[in-house]
Amino acid sequence: MKGVVCFLVCFLLSESQGFEIPTNGLSEFAEYGDLVELAPGKFQFVPENRRYQEDVDQVTLYSYKVRSTITSRMANTVIQAKVVNHSPQPQDVVFDVQIPRGAFISNFSMTVDGTTFTSSVKEKTVGRALYSQARAKGKMAGLVRSRALDMENFKTEVNIAPGAKVQFELHYQEVKWRKLGSYEHRLHLQPGRLAKHLEVDVWIIEPQGMRSLHVPDTFDGHFDGVPVVSKGHQKAHITFKPTVAQQRKCSNCSETAVDGELVVMYDVNREEKVGELQVFNGYFVHFFAPENMDPIPKNILFVIDVSGSMWGIKMKQTVEAMKTILDDLRAEDHFSMVDFNHNVRTWRNDLVSATKTQIADAKNYIHKIQPSGGTNINEALLRAIFILNEANNLGLLDPNAVSLIILVSDGDPTVGELKLSKIQKNVKQNIRENISLFSLGIGFDVDYDFLKRLSNENRGIAQRIYGNQDTSAQLKKFYNQVSTPLLRNVQFNYPQTPVTDVTQNSFHNYFGGSEIVVAGKVDPDKLEQLQGIITATSANAELVLETLAEMDGLEDFLSKDKHADPDFTKKLWAYLTINQLLAERSLAPTAAVKRKITKTILQMSLDHHIVTPLTALVIENDAGDERMLADSPPQDHSCCSGALYYGNRVAPNSFPPWVNPSPTPMVPMPAVGAPVLETTPPPHVMRVENDPHFVIYLPKSQKNICFNIDSEPGKILNLVSDPELGILVNGQLIGAKKPKNEKLSTYFGKLGFYFQREDMKIEISTETISLSGGSRTSVLSWSDTAHVLNQRVLVSVKKEKTVTITLDKEMSFSVLLHRVWKKHPINVDFLGIYIPPTNKFSLNVHGLIGQFMYEPKIHIFNERPGKDPEKPEANMDVKGQKLIVTRGLQKDYRTDRVFGTNVPCWFVHNSGKGFIDGHYKDYFVPQLYSFLKWP
């Protein structure tokens, strides 16, 4: 197709039928020829040859429109962007937007220079087959991938020809959950540049009536007076339409100030009744949010991570938040605290009353905490559960109180039980049914999915906070959501009515300021009146609450508003049911139960046009000769915030030449270059691990060849040396603490990377990561998570796990950190290095790994039993040498950092003699940044 060179689409999960907004197609593009070119934005552009252009921007963002409608808490949002390329050269245009976590994408379309691409949901195997067919036939085929934080990214990239126009349109939907007494609708507005037409419209239709409406200032006063709010009894309309002049950061700036969230907060009337029951089009929705009730006393255990990774601002903010939280405890509450690193401590071994004296002592205790050491989540949680169980056994707890555990942690377990499934099992086996576990994950690299599973299966919820946010405020907000129980053992019943497929009919607790939502199907032909009966236990009595459905007037009310969604009950039911089934699937006790749930999810996903882990979104043009696949792969937490941007995918002017690293990722970075190995490891790489073991993957032969280097501590080995391109990788050996079986093991304790053209040196040890360029040096620790960009080199640090170095998008190197018990009598911390094969090095590249970037021919034959029956032998011809090799296993630690994954390979004896050029001692170099001088 003319103008389209490549496609790349990225997003997570999607949902059912979209809310259609009438448009005039691309008729507005007729005006493009009359457009006055906007001032250049903050991004430079990269044409097809990927070289930077120094002239002004010639890609125009014609319009950026966001439209949301909320009907009875069911929100439908459409994001539309229109772009034209005035440049004489092809340009990359990237549509990268953030949608709220948990939202379902229901539709995506784009029109590129007159060719329209639309989407359809298929079973995942079918979708992948269609994608594979397109690739096999040489047709255009892109691949959707996901990057997820608390927001989800949808990302599409197209390369458009000179004069070409492109329109993107994304539909998604979500349910508005009541938190702290209000509903919150967040729209992430990141057009990336000035837009000739920027329009945001939010319509709210609430049959129950609107109690309050507020649009807070989230742009530091820049857009005072721009949002226009109109509120009626049951409806509201919010508009945000800044002019080009208002969008500018300053009067003569070319950068846009529209880079953040537009937030709408509202609540509905509920003074006269505790619940609202709506029936429409064969579905019902039951909203339950009682107020003006006395809180139930609570028994609360705070479990706080005080490992070394919490050092600094995270610990300071956690301590400040805990002081405020302790002040909020009521006299009838009981509490204690468990803090943990590699050890577990308790402030009190028993729960104590929240008296002023005890609270003051608890504040003094947390104020003295000094973070250090590893992370033993398993023992900490079991200790907290034991304290609550023991207090219950001894009759020390009020039987009407609610028992809670709140876990605050920023990392994966590194000490004690490391297997996440085992930790889940231990908690599940020990925690009682009257205890709820809530989890708060701090930081970008916390395993949020683990915390979510841990909480979901123990009657709680999980939330995550990122290091670039106010941890103190977020922790207090999370606590406020879960710390005011008003009802226990809430149950919903719909007697003597034709109700089916109810999403959930029992809840453990109800917390003040929130809302419980139940949905189901009803038979309208057999329905005279739907009655919902809710039973629960309050602070003072057993309650029976009755709600009658709104049977009359709803259809008439909705039909009179063109923005109301007539399918809101159906969509809300599908949304709740799919989410509930996915949660049940992850907790299924047997394979048979899991298969049954899986079958139901799959059918619902197809019926309601939802992309789940079981389905895929196929995006193709009308002719079917260009195709993309929207899949839902494992999460990649290296993503940054979304934006509509153009040209080079890492904006050269977004950062100074050297960015001061910090313990948090630099969120404004639009994208990273090559894939991050620790999150999406390619199946085949060249790697070096302990002692050091080399594994060389030969792509043409599809063989792994292994050899060891037995040398001395202190020696520096050259791994990659390419003087022509100015690229160097060396490794310095360290020794074990003492010999084992009369042999001293050696490991890589330090790695040096030198990029001569960029004048950049990177030294990675087991303690620090040092980056030097010119006269500047920056030092990171392994407890940091950061991205540092210098010219073409991107360095990504993932706390206590990996450092990934990417040069443009052409080559990458990944370094894994291996930590051992500090008191181990023999072993020491060491590094492993992984390098994907690439043909981007020069023909003169050499080194123990570099020489294999251009694959030698090998022939392995005459396989036969060896001395060890499990290790057969064979002959190998390579480089004119005839060798005897042994079949064995080596470890790949990228996906399992503790135990590793076994990788079969043919082992070459005598330090690789005959397979590597020369002798291994020929690869010794005098300094960490010395190029190899090959004879």
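Note that the structure is predicted; figures quoted are calculated from it, not measured.

> Mind showing me how you'd approach the pairing of strand E13 (residues 228–231) here?
For E13 and strand E14 (residues 235–240), the ladder comprises 4 bridges, and the chain directions are antiparallel. Along E14, the bridge assignment pairs Ser230 with His237. Hairpin connection of E13 to E14: 3 residues between the antiparallel strands.

> Teacher, can you tell me more about the state of the cysteines here?
Each disulfide is one covalent bond, formed between the sulfur atoms of two cysteines. Enumeration over the complete set of coordinates arrives at 2 disulfides. Each sulfur in the disulfide pair Cys250 and Cys253 lies 1.7 Å from the other. Since a negative S-S torsion denotes a left-handed disulfide, the Cys250-Cys253 link at about 90° is right-handed. Here Cys250 falls in the partly exposed class, since its relative accessible area comes to 31%. Here Cys253 falls in the partly exposed class, since its relative accessible area comes to 22%. Sulfur-sulfur distance for the disulfide between Cys706 and Cys905 comes to 1.9 Å. Note on the Cys706 and Cys905 pair: the S-S dihedral is about -130°, so by sign convention the disulfide is left-handed. Of this pair, Cys706 sits in strand E36 (residues 703–708) while Cys905 sits in strand E51 (residues 901–908); the two residues are 199 residues apart in sequence, bridging distant segments of the chain. Overall, the relative accessible area of 2% leaves Cys905 in the buried class. For the protein chain, the bonded cysteines pair up as 1-2, 3-4 when numbered in the order they occur along the sequence.

> Whenever I open this one, the environment of Val903 confuses me. Can you help?
Mapped onto the elements, Val903 comes out in strand E51. Val903 sits 15 residues away from Gly888 along the chain, and the two C-alpha atoms are 8.4 Å apart.

> Hey, could you run me through the packing of helix H3 (residues 313–328) against helix H4 (residues 356–367) in this one?
Think of two packed helices as two axes; the pair is described by the angle between the axes and how far apart they sit. Two numbers describe how H3 lies on H4: the axes approach to 10 Å, and their chain directions differ by 175°. In terms of orientation, H3 lies roughly antiparallel with respect to H4. Between H3 and H4, the residues in contact are Val319, Met322, Lys323, Leu326 and Asp327 and Ile359, Ala362, Lys363, Ile366 and His367, respectively. Classifying every residue of the contact of H3 with H4 gives 6 nonpolar, 1 polar and 3 charged.

> What exactly am I supposed to notice about the pattern of salt bridges here?
Where charged atoms from two side chains of opposite charge come close, those side chains can pair. This model, assessed by the stated rule, comprises 27 salt bridges. Between Asp327 and Lys363 there is a salt bridge; the shortest N-O distance is 2.6 Å. Residue Asp327 is located in helix H3, and its partner Lys363 is located in helix H4; the two are separated by 36 residues in the primary sequence. Judged by relative accessible area, Asp327 falls into the partly exposed class, the value being 48%.

> Can you walk me through unusual backbone geometry in this structure?
Note: most peptide bonds trans; most residues except glycine with negative phi. At Gln702, a residue that is not glycine, the phi angle is positive and equals roughly 55°. Topologically, Gln702 is positioned in the loop between strand E35 (693–698) and E36. A positive phi angle is found at Glu800, which is not glycine, with a value near 55°. Within the secondary structure layout, Glu800 lies in the loop between strand E44 (793–798) and strand E45 (802–807). When its relative accessible area of 26% is taken as the criterion, Glu800 is described as partly exposed.

> Explanation requested: the sheet that holds strand E25 (residues 485–493) in the structure shown.
Strand pairing in a sheet takes place through backbone hydrogen bonds and is either antiparallel or parallel in direction. Strand order across the open sheet formed by 4 strands is E27-E25-E29-E30, with antiparallel pairing between neighbours. Single-partner strands in this sheet number two, and they are strand E27 (509–511) and strand E30 (542–548). Averaged over all adjacent pairs, the angle separating strand axes in this sheet is 35°, with direction ignored. As paired strands, E25 and strand E29 (residues 531–537) are joined by 4 bridges and run antiparallel to one another. Residue Gln491 lies in a different strand from E29, and its bridge partner there is Thr535.

> Is there a simple way to explain the sheet that holds strand E17 (residues 283–288) in this structure?
Ordered in space as E16-E17-E28-E26, the 4 strands form an open sheet in which the pairing is antiparallel. On the outer flanks of this sheet lie strand E16 (275–280) and strand E26 (499–500), each paired with one strand and no other. Contacting E16, E17 and strand E28 (516–522), helix H10 (residues 568–586) crosses the sheet at an angle of about 110° to E28.

> What is the right way to read helix H6 (residues 420–430) from this model?
For H6, the set of buried residues is Leu420, Ile423, Gln424, Asn426 and Val427. Take H6 and look down its axis: the buried residues cluster within an arc of 160°, on one side only. Residues of H6 that are buried make contact with helix H5 (377–393), strand E23 (435–442) and helix H7 (448–456).

> In this structure, what is going on with the environment of Lys761? I would like to understand it.
Checked against the element boundaries, Lys761 lands in strand E40 (residues 760–765). Taking C-alpha positions, Lys761 is 9.4 Å from Leu728, a pair spaced 33 residues apart along the chain. Discounting chain neighbours no more than four positions away, the residues touching Lys761 are Phe753, Tyr754, Ser770, Leu771, Ser772 and Tyr929.

> Explain the side chain of Ser439 here, please?
Structurally, Ser439 is set in strand E23. Accessibility expressed as a relative area gives 0% for Ser439, which makes it buried. Within the structure, the side chain of Ser439 is placed 2.8 Å from the side chain of Ser455, a separation counted as a polar contact. Setting aside residues up to four positions removed in sequence, Ser439 forms contacts with Leu407, Leu451, Ser455, Ile461, Ala462, Gln463 and Phe478.

> Is there a simple way to explain the packing of aromatic side chains in this structure?
Remark: the centre distance and the inter-plane angle together describe each pair of aromatic rings, the angle taken between the planes. Throughout the structure, instances matching the rule amount to 21 aromatic pairs. Summarising the aromatic geometry, the rings of Phe223 and Phe240 are spaced 5.2 Å apart at their centres and angled 80° between planes, so their arrangement reads as edge-to-face. Here Phe223, found in the loop between strand E12 (210–214) and E13, pairs with Phe240, found in strand E14; they are 17 residues apart in sequence, far enough to count as distant. Take Phe223: its relative accessible area is 4%, and that puts it in the buried class. We classify Phe240 as buried; its relative accessible area is 1%. Where Tyr920 meets Phe924, the ring centres are 6.0 Å apart and the plane angle is 85°; that geometry is what we call edge-to-face. The exposure class of Tyr920 is buried, given its relative accessible area of 11%. Through pairs of rings, three or more aromatic residues link up here, namely Phe694, Phe707, Phe852 and Phe915. When the ring centre of Phe287 is taken as origin, the NZ or CZ atom of Arg73, which lies over that ring, is 3.7 Å away. The ring of Tyr754 carries Lys761 above its face, with NZ or CZ at 5.3 Å from the centroid.

What counts, and at which threshold
Residues numbered from 1 in each chain as written. Predicted model: local features only at pLDDT ≥ 70, side-chain atom pairs only at ≥ 80, totals over all residues. Heavy atoms only, no water. Pairing = 2+ DSSP bridges. Helix = DSSP H or I, 4+ residues; strand = E, 2+ residues; numbered from the N terminus. Disulfide = S-S within 2.5 Å. Buried < 20%, exposed > 50% of the residue type's maximum accessible area, 1.4 Å probe, protein only. Axes fitted to C-alpha atoms, helices over the stretch in contact; angles between N-to-C directions. Parallel < 35°, antiparallel > 145°, perpendicular 65-115°, else oblique. Contact = heavy atoms within 4.5 Å. Nonpolar A, V, L, I, M, F, W, Y, C, P; charged D, E, K, R; others polar. Salt bridge = Lys/Arg side-chain N within 4 Å of Asp/Glu carboxyl O. Arc of directions from axis to C-beta. Polar contact = N/O pair within 3.5 Å; in protein donor to acceptor, adjacent residues only side chain to side chain. Phe/Tyr/Trp six-rings, centres within 6.5 Å; stacked < 30°, edge-to-face > 60°. Lys NZ or Arg CZ within 6 Å of the ring centre and 35° of its normal.

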